[in-house]
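Analysis of the macromolecular model
One-letter residues, chain by chain:
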Amino acid sequence: MSTFHDELAAICSEEAIRADQASDRRLPYADMITDLAAALGRTIGFATGGDAACIDRVLFTATRNVAKEAKTTAARLNLARTTPEGRA
């Protein structure tokens, strides 16, 4: 993995730990998602040079990747909650 990937993963991990410690974890996670989406949007804008058709293609692919990751992560979390090791 790239240095960028490692640095981003570390930042997200730290933010997730803080979010999980909040009394209502939804707000800090919503803030994380909003900030990540804004950064992704800016990155796509730069990467595509503002070409609208290219932006649409990149967003389509990115949206599929985000959905796949969210579903995979949710499945792992649900599995962890149903295994003996994951039970409280």
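Here we summarise the structure given alongside this text. (Residues numbered from 1 in each chain as written. Predicted model: local features only at pLDDT ≥ 70, side-chain atom pairs only at ≥ 80, totals over all residues. Heavy atoms only, no water.)

This part covers the pattern of salt bridges. For the structure on display, the rule yields three salt bridges. In this structure, Asp-20 and Arg-25 form a salt bridge, with 2.9 Å as the shortest nitrogen-oxygen distance. We note a salt bridge from Asp-24 to Arg-26, for which the minimum N-O separation is 2.9 Å. Take Asp-24: its relative accessible area is 37%, and that puts it in the partly exposed class. (Salt bridge = Lys/Arg side-chain N within 4 Å of Asp/Glu carboxyl O. Buried < 20%, exposed > 50% of the residue type's maximum accessible area, 1.4 Å probe, protein only.)

Here we take up the packing of helix α2 (residues 26-48) against helix α3 (residues 52-82). Packing of α2 against α3 brings their axes to within 10 Å, and their N-to-C directions diverge by 140°. Here α3 runs oblique to α2, going by the angle between their axes. Both α2 and α3 take part in a crossing whose hand is right-handed. Along its contact with α2, which presents Leu-40, Ile-44 and Thr-48, the element α3 presents Cys-54, Ile-55, Val-58, Leu-59 and Ala-62. Here the residues of the contact of α2 with α3 are counted per class, giving seven nonpolar, one polar and no charged. (Axes fitted to C-alpha atoms, helices over the stretch in contact; angles between N-to-C directions. Helix = DSSP H or I, 4+ residues; strand = E, 2+ residues; numbered from the N terminus. Parallel < 35°, antiparallel > 145°, perpendicular 65-115°, else oblique. Left-handed = near helix turned anticlockwise from the far one by under 90°. Contact = heavy atoms within 4.5 Å. Nonpolar A, V, L, I, M, F, W, Y, C, P; charged D, E, K, R; others polar.)

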